[in-house]
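# Secondary and tertiary structure notes
Each chain, written out:
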Amino acid sequence: MASYFRDIYRAIKTIAIGMGQTWKAMFRPAITLQYPNQKWELPVNARGILFNNVDDCIGCYKCARICPVQCIYIDTVKATADEDLGKASMGNPIRQHLIRFDIDMFKCCFCDLCTIVCPTECLYMTDEYENSVFSRDNGIYHFAKYLPEEARALKMREVEADMEKAKAKEAAIAAKKKAAAEKAAVPA
Amino acid sequence: MFGNLFKKKRYLFDDEGTMVFDMAHSTGKYYDEAMKKLEVESYQGDEMVVNMGPQHPSTHGVLRLELVLDGEVVKKTTPHIGYLHRNFEKHAENIGYNEVIPFCDRIDYLASMNQDMAYALAVEKLIGLSDLPEKVEYMRVLTCELNRIASHLVAIGTFGLDVGAFTPFLWAFRDREKIMDLFEWLSGARLLYNYIWVGGLAREVPDGWFEKVREFLDYFGPKMVEFDKLLSTNHIFIARTAEVGILAPDLAVSYGCTGPVLRGSGIKWDLRKDEPYSYYDRFDFDVPVGAGELGQLGSVLDRYLVRIREIDESVKIIRQVLEGIEPFKDQDVKAAIPKKIRPAAGAEVYVRSETPRGELGFLIRSDGSDVPFRVKARSPCFSNISVIDNISRGGMIADLVVIIGSLDIVLGCIDR
Amino acid sequence: MTPEQIHIKLHEKFDDHILEFNVEALDPYVKIDPAKIYEVATFLRQTSELDFTALMCLSGMDYGVDENLGVVYNLHSIQHNHRITIRVDLSRENPTLPSVETIWRTADWHEREAFDLLGIRFEGHRDLRRILCPDDWEGYPLRKDYIVQEFYKGIRVPYQEDWMKYETLEKNPERGNFVFQFESKVPELIESAKNGNNSDHKPEGSTDG
């Protein structure tokens, strides 16, 4: 019986100590923020939505290759000898048309690997973190500045050039074979 | 109202007819003595199979328990896991060594730094990389210990929630936010940092960061005293936890329990002390173990107290790091990062390190290419939760909630 | 004890069943006959000089499409603070070996995991069920020749990037969405990165200058 009342006494006493702590907390300033109206100040390198400054992008595929979830889609077309696409702001020459630079932000895992490997520092994470959208399509960000028709034309140009090259190669091989056959035929 | 309550009171008598068990005192020594004297079978009624989880607030994630109950007494617990299975190991076989690190973050998302550290240590041993810059090693220890504090704060906060104390949870999260802010400033992310890399760190330490850490420590010290007053010394809390979920030391070792669960059972085993990695041998700190002062050894309360004391030890380590790093502040943290990670074919290594939840081991095998051939993560929670059937048997279903809380599981870590 | 001394101890007891001992490896290992694993494990656990109280890790291995399967036991003794790795090789057709679940209780779930992900059968295990995957999952995901099943209970399993196909210019003109009939280069690039020419790769057009 004595232990029963001792237990009750101890319980009340220790709860009172704890309550004293919470009572003190009542007079401390609030640490919460009223979110949509007040916003947290993010540090410089905070990870938000990815942004690519395509003027500086040289289409090196480094980000697409290192991405662990493969959410960056790049397509480039090699510039011909007479085209001059200028230089990126860090001095790297741009040698290809970036006809496609898409990032699927739904797949992005915000690991920051792509921005670290980027040689021209054109791909970076903004401090924008409210990226909920109404449609699935809007979560896919397109950064390439070519119009679809231009892009298609550039791509066709490359494909045609490749086909011509292949044809020339075939012809060269055929010519070689022919020459070899003739050579073999001469002594006989 | 009270009349009904008293009518429902349930007493148990042993062979001689003396009362040994009283429902009103279902915790505490009455309960345990009764359980020892009266086997569970002696008041056997109809068995009932109850499903607990996977969507249950007290299972700390998507853990499903299949319980065989006799009244309120648990006769058998069968955990069903795998609801969060992402097959990290298969992922790792398809991407390069460095790209695995973001996935390592997600094994145990409450202590990402420690996971990165374990993986980085394993790969460094695999490629024979040693003698990293002092700043890197010190920063690794610093971030790991900060993350240990953050993780333990979640553990004890949610544990308080499990036993019915709501305020400690909010207070723990308030202080954890401060650590999250420090990490956000350091790495850019609040939870999944991808900060510790093989051979170095992902980013330079920002100016003024160490001062902020010092400020945090000065702020945090008194908070733990408050926390003790609020929860640790509460009589109801002690009565609820001190003799529940007893895990015997030999059983803990056999089940592969590690971390605070093992140390709560009185075994002084901490990899930071016994198999020192990184710079842990340079610091002076204690390994707290459960002593069973307030109840039985290896109880839920012991595990909780070990975590509380470990926080103090971590603070101690961080203060030493802040002193030790002073001469090396100008070093380049990216200097030793290898350009290409390509270990010898057939090399295999098992490296473990101490995370807040226990030993995280990585077994990595290489076939000589840029991608790992096999990565096996031996997660601490996976082994810790497997003991639950053994320690919950014969207890009350309400105690099961407390036991799960004391094991401090993270389902991402169990399922991987 | 050093790995050499542990090996000598093992060699005295299980002469013919020790297949290989490698001390140069990063983790020195002893390769043994899979049929004898239970006896060896009992010996390692119960001999007082060895006293391997803890099974740190039990990992199933697949050494390649045409190679063997295997199991790796990383053992550690808390009392003596020494460690050893035990390996066994299993045939791909019939990967069966005795269970050590009764010696170290932690092996219970680790063996279930190895069974689940690699299809290694542990004889004498009291509760050998799948643990991480659902019970009716097909195949063993960590095998190197694993092909993921097309449908699981009517749900498509492999991830498909449908958006690349259906997005057209007409759908969302102001955002500039458009579709190419040509496939993206990314998959093959990742393929080539995997084959080893990772850092040697240069962007097209950068070679001439």
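Note that the structure is a prediction, hence the values are computed from the model and not measured. (Residues numbered from 1 in each chain as written. Chains lettered and ligands numbered in written order. Predicted model: local features only at pLDDT ≥ 70, side-chain atom pairs only at ≥ 80, totals over all residues. Heavy atoms only, no water.)

Our next topic: the overall build of chain A. Helices and strands together make up the secondary structure of chain A, namely four helices and five strands. By the compact-globule yardstick of 16 Å for 188 residues, chain A is too spread out, its C-alpha radius of gyration being 32 Å. Expressed as lengths along the three principal axes of its C-alpha atoms, the size of chain A is roughly 125 × 40 × 35 Å. Buried residues in chain A amount to 37% of all 188 residues. A separation threshold of at least 6 residues defines the contact pool for chain A, and within that pool the share at least 24 residues apart is 76%. On chain A, roughly 11700 Å² of surface is accessible, and the fraction owed to carbon and sulfur atoms is 60%. Averaging the coordinates of the 26 positive side-chain charges in chain A and doing the same for the 24 negative ones gives two points 10 Å apart. (Helix = DSSP H or I, 4+ residues; strand = E, 2+ residues; numbered from the N terminus. Rg over C-alpha atoms; globule rule 2.2 N^0.38 Å. Buried < 20%, exposed > 50% of the residue type's maximum accessible area, 1.4 Å probe, protein only. Contact = heavy atoms within 4.5 Å. Areas by Shrake-Rupley, 256 points an atom, 1.4 Å probe, with all protein chains shown as cover. Lys, Arg positive; Asp, Glu negative; His and termini not counted. Charge placed at Lys NZ, Arg CZ, Asp CG, Glu CD.)

Between the first and last C-alpha of helix H1 (residues 2-26) of chain A there are 36 Å, a value that for 25 residues agrees with the 36 Å anticipated at 1.5 Å per step. Within H1(A) the residues assigned to the buried category are A:Ala11, A:Thr14, A:Gly18, A:Gln21 and A:Thr22. Those residues of H1(A) that are buried lie in contact with helix H7 (167-187), helix H8 (209-232) and helix H9 (235-241) of chain B. (Expected span 1.5 Å × (residues − 1).)

Below, the discussion takes up helix H16 (residues 397-407) of chain B. Residues and elements named next belong to chain B. A large share of H16 lies buried, amounting to nine of its 11 residues. Along H16, the residues that are buried comprise Asp 399, Leu 400, Val 401, Val 402, Ile 403, Ile 404, Gly 405, Ser 406 and Leu 407. Where H16 terminates, the next one or two residues include Asp 408, which has phi positive at roughly 55 degrees.

This next bit is on a nonpolar patch on the surface. Side chains of A:Met1, A:Tyr4, A:Phe5, A:Ile8 and A:Ile12 sit close together on the surface and give an oily, nonpolar patch of about 560 Å² of accessible area. On the accessibility criterion, A:Tyr4 (39% relative accessible area) is partly exposed. (Patch = residues over 30% accessible without salt bridge, like charges linked within 9 Å, V, L, I, M, F, W, Y side chains within 5 Å. Salt bridge = Lys/Arg side-chain N within 4 Å of Asp/Glu carboxyl O.)

Residues and elements named next belong to chain C. Judged by pairing direction, the sheet is mixed, and its five strands sit side by side in the order E1-E2-E5-E4-E3 without closing on themselves. The open sheet has two edge strands with one neighbour each: strand E1 (18-22) and strand E3 (54-62). In this sheet, adjacent strand axes meet at a mean angle of 20 degrees when their direction is disregarded. Strand direction decides the pairing type here: strand E2 (residues 29-32) and strand E5 (residues 83-90), joined by four bridges, are parallel. When the bridges of E5 are listed, Tyr 29 appears paired with Thr 85. (Pairing = 2+ DSSP bridges. Axes fitted to C-alpha atoms, helices over the stretch in contact; angles between N-to-C directions.)

On to the pattern of salt bridges, then. All names here are of chain B. Throughout the structure, instances matching the rule amount to 53 salt bridges over all chains. Between Arg 190 and Glu 177 there is a salt bridge; the shortest N-O distance is 2.5 Å. Residue Arg 190 is located in the loop between H7 and strand E6 (196-197), and its partner Glu 177 is located in helix H7; the two are separated by 13 residues in the primary sequence. Judged by relative accessible area, Arg 190 falls into the partly exposed class, the value being 28%. Within this structure, Glu 145, Arg 148, Arg 263, Asp 270, Arg 272, Glu 310 and Glu 354 form a network of salt bridges that share partners.

A few words now on the sheet that holds strand E4 (residues 64-70) of chain B. All names here are of chain B. Taken together, three strands build an open sheet; the order of strands is E3-E4-E5 and the sheet is antiparallel. Only two strands of the sheet have a single neighbouring strand rather than two, namely strand E3 (47-52) and strand E5 (73-80). Looking at each pair of strands side by side, their axes are set apart by 20 degrees on average, direction ignored. The pairing of E3 with E4 spans six bridges and is classified as antiparallel. Across the sheet, residue Val 49 finds its bridge partner in E4, namely Val 68. Sheet strands in contact with H16 are E3, E4 and E5, and its direction is about 150 degrees off that of E4.

To continue, consider the confidence of the model for chain C. Residues with a pLDDT of 70 or more make up 76% of chain C, whose mean pLDDT is 75. Scored as a whole, the predicted complex attains pTM 0.82, and scored at its interfaces, ipTM 0.79. (pLDDT = per-residue confidence, 0-100.)

Let us look at the interface of chain C and chain B. The partner chain B presents 42 residues to the 44 residues of chain C that form the contact. The three residues of chain C that bury the most area against chain B are C:Leu26, C:Trp109 and C:Leu132, which together make up 19% of that side's buried surface. Between the two partners, chain C and chain B, sit six salt bridges. Across the salt bridge formed by C:Glu113 and B:Arg416, the nearest N and O atoms sit 2.6 Å from each other. Elements supplying a minimum of two residues to the side of chain C that touches chain B: E3, strand E4 (69-76), E5, helix H3 (107-118) and helix H5 (186-194) of chain C. For the side of chain C that touches chain B, the leading source of residues is E3(C), giving eight residues. Within the side of chain C that touches chain B, the residues separate by chemical class into 21 nonpolar, 12 polar and 11 charged. (Buried area = accessible area lost by both parts, 1.4 Å probe. Nonpolar A, V, L, I, M, F, W, Y, C, P; charged D, E, K, R; others polar.)

Relative to the helices and strands, B:Glu184 resides in helix H7. The contacts of B:Glu184, once residues within four sequence positions are left out, are A:Leu42, A:Pro43, A:Asn45, A:Ala46, B:Ala189 and B:Arg190.

As a further point, take unusual backbone geometry. Keep in mind that most residues, glycine aside, have a negative phi and that most peptide bonds are trans. All names here are of chain B. Of note in the backbone geometry, Asp 131 takes a positive phi value of approximately 55 degrees without being a glycine. Following the sequence through the fold, Asp 131 ends up in the loop between helix H5 (112-127) and helix H6 (134-163). In this structure, Asp 408 takes a positive phi of about 55 degrees despite not being glycine. Among the structural elements, Asp 408 can be located in the loop between H16 and helix H17 (411-415).

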